[in-house]
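# Residue-level structure breakdown
What follows is each chain in one-letter form.
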Amino acid sequence: MARRGRWMVTDGRPLTEEDVVDCLSPLDASFLDAEDEDPHACLAIASIAVLDGPAPSQADFTDLIRGRLPLVPRYRQRVRRVPFNLGRPGWVNDPDFDLDFHLRRTALAEPGGDAALERLVGRVMSQRLDRDRPLWEDWLIEGLPEGRWALLSKVHHCLIDGV
């Protein structure tokens, strides 16, 4: 049943928190549709920050992101399609959310200059995000010259427009 940008599943079982869904806007839904129509399209967007000093440990990196997740609840939600595509897809809490899946760590080969970083970002951005999970990844990239490291944030266009 549709109501003010929300829909509910009614299959005879009691409704749960996961069942009440915020619908994607028509524009955000169109980003998913455009990606579905072209197998070569990847509608993720990225930001990258290059930072001085040693990279944080994986535990510190995880704790840092975990502490900020409550600020953006959408980062714990995945897209759910309406059966038979009878309506816009919606955002639903991911009951199997696994932060470790979204936090990636890699290092550039020596000497690790700008060209190597650009190639890595190109490879990461050419791969689609997993539609069965929340549509984002953070990559901690080590091995930049002069003791620097980078943080690459990859987010699907349909997620970031609504944030």
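Conventions used here
- Residues numbered from 1 in each chain as written.
- Predicted model: local features only at pLDDT ≥ 70, side-chain atom pairs only at ≥ 80, totals over all residues.
- Heavy atoms only, no water.
- Helix = DSSP H or I, 4+ residues; strand = E, 2+ residues; numbered from the N terminus.
- Buried < 20%, exposed > 50% of the residue type's maximum accessible area, 1.4 Å probe, protein only.
- pLDDT = per-residue confidence, 0-100.
- Arc of directions from axis to C-beta.
- Contact = heavy atoms within 4.5 Å.
- Pairing = 2+ DSSP bridges.
- Axes fitted to C-alpha atoms, helices over the stretch in contact; angles between N-to-C directions.

## A word on unusual backbone geometry
The residue after Glu 110, namely Pro 111, is reached through a cis peptide bond having omega 5°. Here the phi dihedral of Glu 146 falls at roughly 65°; this positive angle occurs in a residue that is not glycine. Locating Glu 146 in the fold gives a position in the loop between strand S8 (136-144) and strand S9 (148-156). Residue Glu 146 is classed as exposed on the basis of its relative accessible area of 73%.

## Points about the confidence of the model for the protein chain
For the protein chain, per-residue confidence averages 88 on the pLDDT scale, and 87% of positions sit at 70 or higher. The secondary-structure element of the protein chain with the lowest mean pLDDT is strand S1 (residues 2-3), recorded at 40, while helix H3 (residues 99-102) shows the highest, at 98.

## Focus on helix H2 (residues 58-68)
Taken residue by residue, H2 has Phe 61, Thr 62 and Ile 65 as its buried positions. Along the axis of H2, the buried residues cluster in a sector spanning 95°; they form a single face. Of the surrounding secondary structure, the elements contacted by the buried residues of H2 are H3, strand S7 (103-107), S8 and S9.

## Thoughts on the sheet that holds S8
Ordered in space as S4-S9-S8-S7, the four strands form an open sheet in which the pairing is mixed. The open sheet has two edge strands, strand S4 (44-51) and S7, and neither has a second partner. Adjacent strand axes in the sheet meet at a mean angle of 20° when their direction is disregarded. Bridging between S4 and S9 involves eight bridges; their strand directions are antiparallel. The partner of Ile 48 across the bridge, within S9, is Leu 152. Where H2 meets the sheet, it contacts S7, S8 and S9, and its direction lies at approximately 145° from that of S7.

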